[in-house]
Amino acid sequence: MIQSRTNILSKARRPVLSLIALTLFLCLVLSCASSRAAALTWEDYAREVRKMEERFGDYAHWPIAEKENLIQALVDMGHIRESSATNELFEASMSEEHRHQLADQIMLRFLGGDGNAFVRKDGVRAICWEAITDVILGDPSTWTLKERAWYQQITNMFGREDPDIFVLPNADDLSEKEAVAIARAAIINAYDLTEDALDGFMPDTVLYIINSRCFGAEARPDYRRWRVSFLYYQYGREDGRTLVQSYGAIVDQNGHVIADTELGEPHVREIALSRKTRPENGTSAIVQAFREFAEGEHCYFPWQWPAEAKAEYSQQIRPQVLAALEKEELAVLSAPASEGKPIRELIDSTVFAYGLPEEEALQEAEACQLAKQVLADEHGLSEKALERYAVYASFDITASDAPLWKFLFCPKSFEGMETVLLYKVELNANTKEAFAAYAIDWDRLFQEQAYDLLLY
C-alpha cells in the first residue's frame, strides 16, 4: 500500500511538534513561577509571618514546615540567596531535628549573625517579623512614609490599637518638605540654636491622624498632623548607630506649630523650657522656682496658668527677676548650658505684676462676661463661637490704682484654620470699661519677644 505524502510528513513531524510543545509548556511553567516570585513581596508576606507568630508564638516554636516556607519565600523574593544550605534544607533527607537546626542557622545568618546585637543576645529568639523587616527595609529612620504606614498596619493586625494612625499625604496636605522647614525654624527658635545647628541631624517624619476609637467623641480624626523629629546619631564599630540627641515638633496640615492635646505631646517651646530648666549643677534658684511652678500647673507656659497661680508666682518670683535684670546678673535667669542667655518666658512672665481682686472689686466671672461682650462688639464673635476657645485670665496690678483684668481667648483646636487668631481683652477693674482689645496671630508668637508680651 502506498501511503500519502501528507501522512508520512505528519508522522515525521509528531516528535518534533511534541518536543516544541513540551518546551513551550516548560517555558510557561517557569514564566509563571518567575511571575509568582516577582509578585511576592515582603510587604505582602509579612502578614503571613504575623499570622504564624499569632498562631504558634515565637519563630523558635514554629513547625519545621512553616520555617521552611518562610525561608523559601525569602529565597523567592531574592532576600536569601540559594546555597548548598538551602538546597540541603529543602531536600528534606535529614532528620527533623537537623532541619530545625539548619533552618535556624540560615535565618540567623540572614539577620547578620553575631554582627547583630539582638542575635548575640537572644539567639533564635531574635528571629521575628520586625527583625526580618529591618534587614529587608533597612533602618526604620530611613523608611518612606508608605513603609511606616504599612509597618503600623502589620503591627496592629491582632487587636492592638495605636492612638495615632499613620497616613499618606495627599494633594491638599502640607508637603513633607514644608513641614520639615517649619519644624526646623520652630526648634531653632525654641532652643535658641544657631541657624546651622541642625545641619548634622537626620529629619524623621510621619503624617498622622487620631484614632477615634481611642478618644471617643472628642477626637478629631480628620485633623492631619506632621510629627517632625531631628535625630543625631553617633556611629561605633561594635554598637552600630546610637541616638545621642533629638528635637521634635508637631506641625498641623495648615502649617501651624501646635501641641497635640489628644496625644499629650506639648508644644516644642514647652519641651524646650522643660529641658532648659532641668535641674543640674549650676541651675539658679530662680530657674528652679520657675520649674516648680510649671510642674505644679503641668504647663510651662505661664500665660496659661490660672489667675491664682500667676498671682503667687508673681509675688514670689517677680522681685527676684527684676533685681537680677537691674544688676545685669543674667546668668541667674539662664540655663547653665545657655551661655548666659536668659529664658524668655522667665522675663516675659514677670514684666507685669499679678495679684487677686479684693472681695468688693470686679470678680473674674463677671469680668469674663464683659470681655466676651467686647469680642462680640468688636470682632463679631458670638457666645457659641467662643465655646471653641480656652480662656486664660490674669489680674494685672502693675498700676495699683488702675488694676486690669486680662483675658486671653485661644482656640482649643486649630483644625481647619488657615490663620489662627487669639483674642485678648483688657478691662479696667475699677470702671469695668474696655481698656484694650487685640487679635494675636499665633504664627508670629515665639518669633518676636515684643509680640510675645501680648500673651501676658
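Structure's up top.
Residues numbered from 1 in each chain as written. Predicted model: local features only at pLDDT ≥ 70, side-chain atom pairs only at ≥ 80, totals over all residues. Heavy atoms only, no water.

1. Considerations on the overall build of the protein
Link 1 in the chain: The secondary structure content of the protein amounts to 16 helices and nine strands.
Link 2 in the chain: Expected size for 456 residues packed as a compact globule is a radius of gyration near 23 Å; at 33 Å, the protein overshoots this value by more than 25%.
Link 3 in the chain: The proportion of buried residues among the 456 residues of the protein is 43%.
Link 4 in the chain: Considering only residue pairs separated by 6 or more positions, the protein has 58% of its internal contacts joining residues 24 or more positions apart. (Helix = DSSP H or I, 4+ residues; strand = E, 2+ residues; numbered from the N terminus. Rg over C-alpha atoms; globule rule 2.2 N^0.38 Å. Buried < 20%, exposed > 50% of the residue type's maximum accessible area, 1.4 Å probe, protein only. Contact = heavy atoms within 4.5 Å.)

2. Regarding the packing of aromatic side chains
The geometry of an aromatic ring pair is captured by two quantities: the separation of the ring centres and the angle between the planes.
Link 1 in the chain: All chains considered together, the criterion is met by 20 aromatic pairs.
Link 2 in the chain: Between the aromatic rings of Y191 and Y247, the centroid separation amounts to 4.7 Å while the plane-to-plane angle is 70 degrees, which identifies the pairing as edge-to-face. Here the residue Y191 occupies a position in helix α9 (residues 176-191), and Y247 occupies one in strand β4 (residues 240-252), the gap between them amounting to 56 residues.
Link 3 in the chain: With centroids separated by 5.7 Å and ring planes inclined at 85 degrees, the aromatic side chains of W303 and Y392 adopt a geometry described as edge-to-face. Here W303, found in the loop between α12 (285-297) and α13 (307-326), pairs with Y392, found in strand β6 (residues 389-396); they are 89 residues apart in sequence, far enough to count as distant. Considered together, W303 and Y392 belong to a single accessibility category, that of buried residues.
Link 4 in the chain: Every member of this aromatic cluster is reached through a ring pair, and the members are W129, W143, W150 and Y151.
Link 5 in the chain: Lying across the ring of Y451, R444 places its NZ or CZ 3.9 Å from the centre. (Phe/Tyr/Trp six-rings, centres within 6.5 Å; stacked < 30°, edge-to-face > 60°. Lys NZ or Arg CZ within 6 Å of the ring centre and 35° of its normal.)

3. Observations regarding a nonpolar patch on the surface
Link 1 in the chain: A surface patch of nonpolar side chains, about 210 Å² in accessible area, is lined by L322, L325 and L330.
Link 2 in the chain: Considering the arrangement of structural elements, one finds L330 in the loop between α13 and α14 (344-348).
Link 3 in the chain: Take L330: its relative accessible area is 34%, and that puts it in the partly exposed class. (Patch = residues over 30% accessible without salt bridge, like charges linked within 9 Å, V, L, I, M, F, W, Y side chains within 5 Å. Areas by Shrake-Rupley, 256 points an atom, 1.4 Å probe, with all protein chains shown as cover. Salt bridge = Lys/Arg side-chain N within 4 Å of Asp/Glu carboxyl O.)

4. Re unusual backbone geometry
Link 1 in the chain: If you check the backbone angles, D192 has positive phi at about 55 degrees while not being a glycine.
Link 2 in the chain: Along the chain, the position of D192 falls in the loop between α9 and β2 (202-210).
Link 3 in the chain: Judged by its relative accessible area of 29%, D192 falls in the partly exposed class.

5. Re empty space enclosed by the protein
A probe matching the size of a water molecule, rolled over the atoms, marks out where space remains unfilled.
Link 1 in the chain: Summed over the entire model, instances satisfying the criterion amount to four cavities of 30 Å³ or more.
Link 2 in the chain: Approximately 50 Å³ is the volume found for the largest cavity.
Link 3 in the chain: In terms of lining residues, the largest cavity is bounded by W303, K310, Y392, S394, K406, F407, L408, K424, L455 and Y456.
Link 4 in the chain: Of all the elements in the fold, those that place two or more residues in the lining of the largest cavity are β6 and β7 (404-411).
Link 5 in the chain: Each residue belonging to the lining of the largest cavity can be placed in one class, and the counts come to six nonpolar, one polar and three charged. (1 Å grid on protein atoms, 1.4 Å probe; cavity = no way out; pocket = protein on both sides within 12 Å on 5 of 7 lines; lining within 4 Å. Points joined across faces, edges and corners; volume = space filled by probe spheres on them. Nonpolar A, V, L, I, M, F, W, Y, C, P; charged D, E, K, R; others polar.)

6. Thoughts on the nonpolar core
Link 1 in the chain: Residues W303, I317, L346, L422, W442, L445 and L455 are the most contacted members of the largest nonpolar core, which totals 45 residues.
Link 2 in the chain: Within the residue set of this core, elements represented by two or more residues are β2, α12, α13, α14, β6 and β7.
Link 3 in the chain: With six residues, α12 is the single largest residue contributor to this core.
Link 4 in the chain: The contact partners of L346, leaving out residues within four places of it in the chain, are I286, V287, F290, Y313, I317, V321 and L333.
Link 5 in the chain: In this structure, M52, Y59, L89 and I127 belong to the second largest nonpolar core, which totals 35 residues. (Core = buried A, V, L, I, M, F, W, Y, C linked by side-chain atoms within 4.5 Å.)

7. Brief notes about the sheet that holds β6
Link 1 in the chain: Across the sheet, four strands lie side by side as β6-β7-β8-β9; this open sheet has antiparallel pairing. Where the open sheet ends on each side, the last strands, each with one partner, are β6 and β9 (434-441). Between one strand and the next, the sheet's axes are offset by a mean angle of 15 degrees, whatever the strand orientation.
Link 2 in the chain: Bridging between β7 and strand β8 (residues 421-428) involves six bridges; their strand directions are antiparallel. When the sheet's bridge partners are listed, K406 is paired in β8 with E426. (Pairing = 2+ DSSP bridges. Axes fitted to C-alpha atoms, helices over the stretch in contact; angles between N-to-C directions.)

8. What to know about the pairing of β9
Link 1 in the chain: For β8 and β9, the ladder comprises seven bridges, and the chain directions are antiparallel. Across the sheet, the residue bridging to E426 is A436, located in β9.
Link 2 in the chain: Between β8 and β9, which pair antiparallel one after the other, the connecting turn spans five residues, and K432 there sits at a positive phi close to 70 degrees.

9. Here's the deal with the side chain of N189
Link 1 in the chain: With respect to the secondary-structure elements, N189 resides in helix α9.
Link 2 in the chain: For N189, a relative accessible area of 15% gives the class buried.
Link 3 in the chain: Once residues lying within four places of it in the same chain are set aside, the contact partners of N189 are R269, R344, F446 and Q447.

10. Looking at the pairing of β6
Link 1 in the chain: For β6, a buried count of seven out of eight residues is recorded, marking the element as mostly surrounded by other parts of the structure.
Link 2 in the chain: Pairing of β6 with β7, which is carried by eight bridges, proceeds in the antiparallel orientation. Its bridge partner lying in β7, S394 is registered against K406.

11. Here we look at the side chain of Q152
Link 1 in the chain: As for its position among the elements, Q152 is in helix α8 (residues 145-155).
Link 2 in the chain: Look at Q152 and you get buried, because its relative accessible area is 7%.
Link 3 in the chain: Reaching out from Q152, the side chain makes a polar contact with the side chain of D162 at a distance of 3.2 Å.
Link 4 in the chain: Contact partners of Q152, with chain neighbours within four places excluded, come to D162, D164, I165 and F166. (Polar contact = N/O pair within 3.5 Å; in protein donor to acceptor, adjacent residues only side chain to side chain.)

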